[in-house]
Amino acid sequence: AWSFGDLFGTQVIRVTDTAILNAPMSAVREPVRPEGTASGSGGVYLVEYHGDTSLIGLRYAMKDADFAVAEKAFDADGRHFAAGTLIVGKVDNAALSKLSQSGLNVWRTSAKPGVPTHRLAAPRIALMHTWIGTQTEGWWRMAFDKLGVPYSYISTQTVAREDNLKAKYDVIVFAPLHSGNTSLILNGVPMVGNPVPWKKTALTPNMTIDETDDTRPELGAAGLAHLQRFVEQGGVFLAAGEAAKFAIDFGLAPGVSVMREKDVRVVGTILNGTTTDSNSPIMYGYGETFPVFSEGGMTFGLSNTAAFGRDLPTAKDFKRPTGRGGPDDTDEPEGRVAIEAEPLPDVKPWEAIPLNDEQKRYSPFFPNVQLAENERPHTVLRFADADNLLVSGLLDNGGSIAQHAIVVDARLGKGHTVLFAINPIWRGETVGNYALVFNTLMNFDHLAQ
C-alpha cells in the first residue's frame, strides 16, 4: 500500500508505542506554514530553491522585485548554491516581509554573483478546459488558487474563437482529462437533439466559473490552428496525461509518440523518476531521483524525424543474422573480402535514435521528415531503472516502461510543447511534483538552455 509520505517524497516510520498518544497536543487551527531563515547582510538576496511551492505565488506577489535565476551552480560568501537559486534585488520593506514569510531560506550578500542568469517570469497563464469533463483539471485549478497563481480559465470553445492567443497569454496549460478518445477534444460530441447548456440561471445559480450555450462543440479545426499558431509564435503549451496525447496526435509535438506497452500494469502507482537534463529549468530544485505519480504507466518515445517514431533498429533490439553455417558462423562471401556492417546506434530508451544516411537525404516519398537540430524534442525526466522503479502501489512488468521518458520538452516553431506522461498535480497530494509545472511556467521564455 502507498502512503502520503510516498507522494511527498518523505520518509514514513511506523510507531507501535501507544504512549506517544499521551504526549501533549493541541489542534492546529491555521494552515501550517514552514519557517524560512534569513542571514547575512547586503542588498542582494540569494534564495535557496528546492522545488518549493511557495515560490510561484511569491513571484506574483512581488511583481516589482528583480527576480533572476542562476543557470549554473556557484559559490558566494563561503556557501555553495545550486542551479535554480534565485537572485533577488530591488526589495523594499514590504517585499522583504513577504520574502521572509515564504518559508524559503534567504542569504543576503553585497554583490550579485558572477553566474549566468535569466529573468524569472510572472507569465500570463491560461488554463484551458474542455466541456467533456472538468473534475481532474479541477485539482490543478485548486492548486493554482491556493498558491496565489493568477490565470484565465478558458474553454476549447474560447480557443476556437480567439485567433491571436499569443497577444493574451504566454503559457496555455491543458491539464489531464478522461475523454476516452482525443478526437473528442477536437470534434466534440455529436450535435444530436437539443443544445446542452452550462449557464447560470435561477435553477443553477452556482455555474459561474465559465459558461456556454452548448457544451457539445469543442476545439474544432479553427481552434487547433489557433493553438498551433500560439506555439509557433513563441508560446508554451503544457499538457499532461490524455491532454499530452492530444498534443501528440494533432501535431503540436513533432517527433514525440506515446509508447504502448501492453504487458505493463500500473494502477495509480508511485514510481521513481530520474532526471535526464539537470540543466533544464523544468528540473530546477530537484535531485537525481524522486517519486512521481503514474496513473497507468504512460511513457513517451522520441524521434529526430516527424514521421517514423522509434521503429528503426538499434544495437539493443536487432542483431544481424549469421547467414551460412551454424549459429556461431559469420556470413563471409566467396571471392571477396568480408566487410563488417556499420554498428547500429546504441541509445537509451528515453533518447531519440540518431538519423541514418537515408533519413538525412531528401526523399520524394517522405519529403522533409527530418527535424532540424533546434526542433528536436528532448527528455528532461524519465522513469528510473527497473530495479529502482517501484516506490509503492501496483506494478507488474515494470521493466517495459523503466527508463522511458515521462517529461519531454518538444519544439514547434519558436515555442515549446511540454508534455507530462505523469500527473504532477494529482488530488492535492503530489505537492512534491508541483514545481515541475511551476518551473515550466516561470521559465517559459528560457526553456531552451
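The preceding data block contains the structure.
Residues numbered from 1 in each chain as written. Predicted model: local features only at pLDDT ≥ 70, side-chain atom pairs only at ≥ 80, totals over all residues. Heavy atoms only, no water.

A. A look at the pattern of salt bridges. Applying the stated criterion across every chain, the model contains eleven salt bridges. Taking the shortest distance from any N to any O, the salt bridge between Arg119 and Asp445 comes out at 3.1 Å. Of this pair, Arg119 sits in strand 8 (residues 117-119) while Asp445 sits in the segment after helix 10 (434-442), and the two are 326 residues apart along the sequence. The class for Asp445 is partly exposed, based on a relative accessible area of 31%. Salt-bridge contacts for Arg376 lead to Glu373; the nearest nitrogen and oxygen are separated by 3.1 Å. (Salt bridge = Lys/Arg side-chain N within 4 Å of Asp/Glu carboxyl O. Helix = DSSP H or I, 4+ residues; strand = E, 2+ residues; numbered from the N terminus. Buried < 20%, exposed > 50% of the residue type's maximum accessible area, 1.4 Å probe, protein only.)

B. The sheet that holds strand 6 (residues 86-89), seen in detail. If you trace the six strands from one edge of the open sheet to the other, you get 1-7-2-6-3-8, paired in mixed fashion. Sheet topology places strand 1 (38-40) and strand 8 at the edges, where each strand pairs with a single neighbour. Neighbour to neighbour, the strand axes of the sheet diverge by 30° on average, direction disregarded. Relative to strand 7 (residues 106-109), strand 1 is paired through three bridges, and the arrangement is parallel. Note on strand 7: the bridge partner recorded for Gly40 is Arg108. (Pairing = 2+ DSSP bridges. Axes fitted to C-alpha atoms, helices over the stretch in contact; angles between N-to-C directions.)

C. The arrangement of a nonpolar patch on the surface in detail. Among the surface-exposed residues, Val15, Ile20 and Leu21 lie close enough to one another that they form a single nonpolar patch of about 310 Å² accessible area. Considering the arrangement of structural elements, one finds Leu21 in the loop between helix 1 (4-8) and strand 1. In this structure Leu21 comes out as exposed when scored by relative accessible area, which is 61%. (Patch = residues over 30% accessible without salt bridge, like charges linked within 9 Å, V, L, I, M, F, W, Y side chains within 5 Å. Areas by Shrake-Rupley, 256 points an atom, 1.4 Å probe, with all protein chains shown as cover.)

D. Representation of the packing of helix 2 (residues 54-61) against helix 10 within the structure. Running from N to C, helix 2 and helix 10 point in directions that differ by 30°, and their axes come no closer than 9 Å. Considering their axes alone, helix 2 and helix 10 lie roughly parallel with respect to each other. Mapping the contact onto sequence places Leu55, Ile56 and Arg59 in helix 2 and Phe438, Leu441 and Met442 in helix 10. For the contact of helix 2 with helix 10, a count of residues per class yields five nonpolar, no polar and one charged. (Parallel < 35°, antiparallel > 145°, perpendicular 65-115°, else oblique. Contact = heavy atoms within 4.5 Å. Nonpolar A, V, L, I, M, F, W, Y, C, P; charged D, E, K, R; others polar.)

E. Here's a closer look at the layout of surface pockets. Approximately 590 Å³ is the volume found for the second largest pocket. Contributions of two or more residues to the lining of the second largest pocket are made by helix 4 (135-146) and helix 8 (242-249). By residue number, the principal contributor to the lining of the second largest pocket is helix 4, which donates three residues. For the lining of the second largest pocket, the class distribution of residues is twelve nonpolar, eleven polar and six charged. (1 Å grid on protein atoms, 1.4 Å probe; cavity = no way out; pocket = protein on both sides within 12 Å on 5 of 7 lines; lining within 4 Å. Points joined across faces, edges and corners; volume = space filled by probe spheres on them.)

Everything listed here is a matter of coordinates, which is why it stays silent on function.
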